[in-house]
Amino acid sequence: MAKKAVLIGINYPGTKIELKGCVNDVHRMHKCLVDRYGFSEEDITVLIDTDDSYTQPTGKNIRNALSELITPAKSGDVLFVHYSGHGTRVPLEEGEEDETGFDECIVPCDMNPIPDDDFRELVDQVPPGCKITFVSDSCHSGGLIDGAKEHIGESTNKNRNQEPKAYFFELEIWNFFYSVLMKFLALCGIWRSQEEQDKIEITARYEVGKSRYLPMESFINVLKEKTGKDNIEIGKIRPTLFDVFGEDASPKVKKFIKAMLTKLDQSGLVESGREIYRGGSSSGLVPDRGILLSGCQTDETSADVKKSGEAYGAFSNAIQMVLSEGGGEKDKITNRELVLRAREMLKEQGFTQRPGLYCNDRFVDAPFIC
């Protein structure tokens, strides 16, 4: 049985959207895989953007690394992927279906995003008898494997009763008044700040560059800087990505362009790009072998944290803390237990993000990783 992993950490150094803890998350997970789960260092591929001696986490390099992880896999192999970095989401195109109402994406260092449909296609390539576990400590990470069954979470349409904008607005108002109240109580000597108690600094959830939330406007601005193109608009993101990255763009972007060209070349023969563009889905025809542990829900953000001068992701840190606490037989904490305990821990620390679990029924109570 082979144990192989791909670890991706992106801090976006020198940009307006810079993060601090993502590369640290990768180093901690690397140590955990080797020390706790028995992975060999030569079987762990690391992509980070703070050291030129490592493979840089561009869209092309991440896709290649994931393909090289999955393609040679055999029955009995254990595959693992950890991503720490920005997440964003793109509105669906006409005729497209998605349980969350958006394309959840991770954001590589070159702004060549990888959407949930691409992760679905990768998971569908995993051979029988093999499984792949994804941990995504990024914003909007709930539903990152398109169509995966939600066991712990509130990301799918059937579980969301509020519009995302309304949710974010209410959350901002709550966070503002909560912060004012806590500062007032601290001045009165009634309450001791979180910094004083634990020396923990929770970064602003919506301050670009200090959270793992990348608004579409910020994504477009960085894309403009990297491409030199000033005419990028929300409705032109996918054509622009194809124009810039070509064959290195997301397979979903290429399908979208193919659908557009088909409409132009065969006018009237294609009523919509739906069949070409909708991407993969776990319809039951292909057994789902993917397990997603998300740092938050599709309409939430994941936080960077600073503790005693060390930065890391709140969810990544919670995973490490839960694993260090143990939970029965060594290495046997289940996916369900890990997510529920991480949820409880983050709530106790004052975070509002809610981790999720998305997988086939048979993996809910299976051991985390192996």
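Summarised in this report is the structure supplied together with it. Quantities reported herein were computed from a predicted structural model and do not represent experimental measurements.

Attention now goes to the overall build of the protein. Each helix and strand in the protein was counted, giving eleven helices and 13 strands. Looking at the protein residue by residue over its 370 residues, the buried ones come to 52%. Across the protein, every contact between residues at least 6 apart in sequence was considered, and the portion connecting residues at least 24 apart equals 74%. Just so you have it, the protein exposes about 16900 Å², and 50% of that area is on carbon and sulfur atoms.

A few words on helix α1 (residues 22-35). Compared with an ideal rise of 1.5 Å per residue, which puts 14 residues at 20 Å, α1 spans 20 Å between its outermost C-alpha atoms and is within 8% of the ideal. Taken together, the buried positions of α1 are occupied by C22, V23, D25, V26, M29, H30, C32 and L33. Looking at the buried side of α1, the elements it contacts are β1 (3-9), β2 (44-48), β3 (78-84), β7 (131-137), β12 (310-313) and α10 (314-325).

Turning our eyes to something else, we now look at α10. Its twelve residues place the ends of α10 16 Å apart at the C-alpha level, agreeing with the 16 Å of an ideal helix rising 1.5 Å per residue. In terms of burial, α10 is a largely internal element, nine of the twelve residues being buried. Within the sequence span of α10, burial applies to A314, F315, S316, N317, A318, I319, Q320, V322 and L323. Looking one or two places after α10, you find G326, whose phi comes out positive at around 80°.

Under the criterion given, the structure shown has twelve salt bridges. Here K31 ties to D35 by a salt bridge, and the two come within 2.7 Å at their closest N and O atoms. With a gap of four residues between them, K31 and D35 both fall in helix α1, about one helical turn apart. Take K31: its relative accessible area is 53%, and that puts it in the exposed class. Notably, a salt bridge pairs E154 with R343, separated by 2.9 Å at the nearest N-O pair. One end of the pair, E154, is in the loop between β8 (150-152) and α4 (164-187); the other, R343, is in helix α11 (residues 335-348), and 189 residues separate them in sequence. What emerges from the salt-bridge pattern is a single network uniting E154, E300, R343 and R354.

A ring pair, where both rings are aromatic, is described by two values, the distance of the centres and the angle of the planes. Overall, the coordinates contain three aromatic pairs when judged by the stated rule. Ring geometry for Y37 against F368: centres 6.2 Å apart, planes inclined by 80°, an arrangement best described as edge-to-face. Placement of the pair is Y37 in the loop between α1 and β2 and F368 in the segment after β13 (356-358), with a sequence separation of 331 residues. A residue is classified by how much of its surface remains accessible, and Y37, at 2% relative accessible area, is buried. Here F119 and F134 contribute two aromatic rings whose centre-to-centre distance is 5.5 Å and whose plane-to-plane angle is 85°, an arrangement assigned as edge-to-face. Pair noted here: F119 is in helix α3 (residues 116-123) and F134 is in strand β7, with a separation of 15 residues, a long-range link. Each residue in the set Y37, F80 and F368 is aromatic and connected to the rest through ring pairs, giving one cluster. Over the ring of Y312 we find R28, and its NZ or CZ is 5.3 Å from the ring centre.

About the cut-offs
- Residues numbered from 1 in each chain as written.
- Predicted model: local features only at pLDDT ≥ 70, side-chain atom pairs only at ≥ 80, totals over all residues.
- Heavy atoms only, no water.
- Helix = DSSP H or I, 4+ residues; strand = E, 2+ residues; numbered from the N terminus.
- Buried < 20%, exposed > 50% of the residue type's maximum accessible area, 1.4 Å probe, protein only.
- Contact = heavy atoms within 4.5 Å.
- Areas by Shrake-Rupley, 256 points an atom, 1.4 Å probe, with all protein chains shown as cover.
- Expected span 1.5 Å × (residues − 1).
- Salt bridge = Lys/Arg side-chain N within 4 Å of Asp/Glu carboxyl O.
- Phe/Tyr/Trp six-rings, centres within 6.5 Å; stacked < 30°, edge-to-face > 60°.
- Lys NZ or Arg CZ within 6 Å of the ring centre and 35° of its normal.

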